[in-house]
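Observations on the three-dimensional arrangement
What follows is the residue order along each chain.
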Amino acid sequence: MLKLSFKSRFSCQKNGQSAVELAIFGSILMFVVAMIFRQGMNGGNFMSTQLKATRYAMSKSFEGSLTAKPGRNNASVLVIEDRLAGDFTNKFGSRDRAPLMASGSAVFTNQMFYPVDKGDCGDDAWKAGPSTGPCDQDVLQRYDMLINGQRFSFTTANFRVITLPAVVGGLAACGAAHPADTRCWNAACAAPGGCVTLYRQVGNYTDSGYAPAGNFDVNFDGGVTVVPPALKPANAPATPMKFMGQWEGVDAFGVLPLDKSLDVDGDFYEEQILDSTEAVDGRTEHVLVIDRQAGDIDFTIDGRRPGAKSGLLEDSEMYSYTQNGTVYRIEEGKLFGGRDDRYIRNANVNDHVDIIERIIQLSNNTGRFCTGNTPNPLVDGAFNPVEACNNCFNAANFQKTCFDAGSLKIFVRSN
């Protein structure tokens, strides 16, 4: 009897150990299978986002060829989707979100060499004043963003009519240092009393007419830039720095040459010249240009403008709002009425809304999204995703996509 009892106890122990091992192995297997499904779903979503960006860029480039609008000859788009991440170990689903980001660029047009000229500003209509109203904005380059289904169309340049000074005014004399403004007043200009000298960058290579070892006059004083002491070897003489390019001055006299890009507004960035007018004394008076720093977004930002930002910022936030009906309930009691037959049931009911906020930093307020405190109904002939203008954090606008004119930020809020 004792021997039989010992075998029975040992058999029960083996059965218990087998059940534990089977449960552990089953849980590990389910975890691995769930991870495989999750990675597969996330990979599929990412590939879908990439293909969506490519297809969108291709279609927009083709649409531009049908309307003869070269703004999207080379179409570029950024797609961002904050999707729910699959959690197959939780039958109630997951609130975690995985950001998916993809960019696409495509050329599918027969308008590749469409010229942008003064005809896009109503020929001579721009000469009536500095307003750029007659200009056709659709010919300017576009950059698109798709953020959780909201489509934003941004310009990367703008038409401008720049009036040059008629007298020396606040401009420095050419030959004196003027590192804050590339323009200077040239008293030796052919115009009576002088005229403005505009600058452009030229390369230091033989065919450009400049010596390959040319120097960059960063102070615009007629001299050359000397190697800073911190950059030169010990006991070495002060020598000029060698640059790949240098500044060339062009007097603003008569009609400006259309084959040259000049820094007409003195901000160290060249503008594309479309047309110009001259005053009675021969000086260049008004200049029609395409300014690549005057669009919604400026992609030319560099170290010369410290702190300047443009485009999608890194900041993002998610707010979750629960509605009436969100409960977590535990029920415990008898199922069949027997003394040992009991059950416990957990009920998890979710009723909430997630609001994801992303921020787009603009460079200029071009008036395309808002007029004062009122959103424009259309942007580029399509629905304007901006729902509110200014006061973006009050109770009425907190959940809306809003443009703040003071900070030039668009708060993109998706729910």
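So, the environment of I359
Tracing the chain through its elements places I359 in strand β15 (residues 352–361). With near-sequence residues (within four places) excluded, I359 lies in contact with G311, L312, L313, D315, K409, I410 and F411.

Thoughts on the sheet that holds strand β5 (residues 158–163)
Backbone-to-backbone hydrogen bonds pair the strands of a sheet. The strands run either parallel or antiparallel. Taken in spatial order, the four strands make up an open sheet running β5-β11-β10-β9, and their pairing is antiparallel. Whereas interior strands pair on both sides, the edge strands pair on one side only; in this sheet they are β5 and β9 (261–262). For strand β10 (residues 271–278) and strand β11 (residues 284–291), the ladder comprises five bridges, and the chain directions are antiparallel. In the strand pairing of β11, S276 is matched with V287.

Some words on the state of the cysteines
Under the defined criterion, the tally for this structure stands at five disulfides. The side chain of C174 participates in a disulfide bridge whose partner is C184; the two sulfur atoms lie 2.0 Å from each other. An S-S torsion of about 85° defines the bridge between C174 and C184 as right-handed. Of the two residues, C174 is situated in the loop between β5 and β6 (184–186) and C184 in strand β6; the sequence distance between them amounts to 10 residues. Judged by its relative accessible area of 0%, C184 falls in the buried class. Disulfide pairing places C370 opposite C389 at an S-S distance of 1.9 Å. Between C370 and C389 the disulfide shows an S-S torsion of about -85°. By sign, it is left-handed. You can see C370 sitting in strand β16 (residues 370–371) and its partner C389 sitting in strand β20 (residues 388–389), a full 19 residues away along the chain. Like C389, C370 is buried. Look at the protein and number its bonded cysteines as they come in the sequence; the links are 1-2, 3-4, 5-6, 7-8, 9-10.

Here's the deal with the side chain of D181
By secondary structure assignment, the location of D181 is in the loop between β5 and β6. Of note is the side chain of D181, whose polar atom sits 3.0 Å from the backbone nitrogen of R183. If sequence neighbours within four positions are ignored, D181 has contacts with L171, G266 and F268.

Regarding the sheet that holds strand β1 (residues 74–84)
Pairing is mixed in the open sheet, where four strands are placed in the order β2-β1-β3-β4. At either margin of the open sheet sits one strand with a lone partner, and together these are β2 (97–107) and β4 (150–155). Each strand axis lies, on average, 15° off the axis of its neighbour in the sheet, ignoring direction. Summarising the sheet, strand β3 (residues 142–147) and β4 pair through six bridges and their orientation is antiparallel. Each bridged residue has a counterpart across the sheet, and for M145 the counterpart in β4 is F152.

Notes on the pattern of salt bridges
Summed over all chains, the structure comprises 19 salt bridges. For the salt bridge of R142 with D138, the shortest nitrogen-to-oxygen distance reads 3.5 Å. With a relative accessible area of 34%, D138 lands in the partly exposed category. With a shortest N-O distance of 2.9 Å, R142 and D380 are connected by a salt bridge. Placement of the pair is R142 in strand β3 and D380 in the loop between β18 (378–379) and β19 (382–383), with a sequence separation of 238 residues. Judged by relative accessible area, which is 30%, D380 ranks as partly exposed. Connected through salt bridges with shared partners, the residues R72, D138, R142, D144, D296, R368 and D380 form a single ionic network.

Focus: the nonpolar core
Formed by 19 residues in total, the largest nonpolar core has its most connected members in M145, F152, F154, I360, L362, V386 and I410. Of all elements in the fold, only β1, β3, β4 and β22 (409–414) reach the threshold of two or more residues within this core. The biggest single contributor to this core is β3, with three residues. Beyond its immediate stretch of four places on either side in the chain, M145 contacts L78, Q150, R151, F152, F154, I297, G311, L312 and I360.

A short note on the pairing of strand β8 (residues 245–251)
In terms of burial, β8 is largely enclosed, as five of its seven residues are buried. Direction of pairing for strand β7 (residues 195–203) relative to β8: antiparallel, over a ladder of seven bridges. The residue bridging R200 from the neighbouring strand is E248, located in β8.

What to know about unusual backbone geometry
Phi at A68 takes a positive value of approximately 55°, unusual for a residue other than glycine. Examined against the element boundaries, A68 turns out to sit in the loop between α1 (2–67) and β1. Look at F268: it is not a glycine, yet its phi comes out positive at around 75°. Classification of F268 by relative accessible area gives buried; the value is 19%.

Some words on the pairing of β10
The buried fraction of β10 is high, at six of eight residues. Looking at chain direction, β9 and β10 are connected through two bridges and run antiparallel. By the bridge assignment for β10, L262 is matched with E271. Hairpin connection of β10 to β11: five residues between the antiparallel strands, including G282 at a positive phi of 95°.

Conventions and cut-offs
Residues numbered from 1 in each chain as written. Predicted model: local features only at pLDDT ≥ 70, side-chain atom pairs only at ≥ 80, totals over all residues. Heavy atoms only, no water. Helix = DSSP H or I, 4+ residues; strand = E, 2+ residues; numbered from the N terminus. Contact = heavy atoms within 4.5 Å. Pairing = 2+ DSSP bridges. Disulfide = S-S within 2.5 Å. Buried < 20%, exposed > 50% of the residue type's maximum accessible area, 1.4 Å probe, protein only. Polar contact = N/O pair within 3.5 Å; in protein donor to acceptor, adjacent residues only side chain to side chain. Axes fitted to C-alpha atoms, helices over the stretch in contact; angles between N-to-C directions. Salt bridge = Lys/Arg side-chain N within 4 Å of Asp/Glu carboxyl O. Core = buried A, V, L, I, M, F, W, Y, C linked by side-chain atoms within 4.5 Å.

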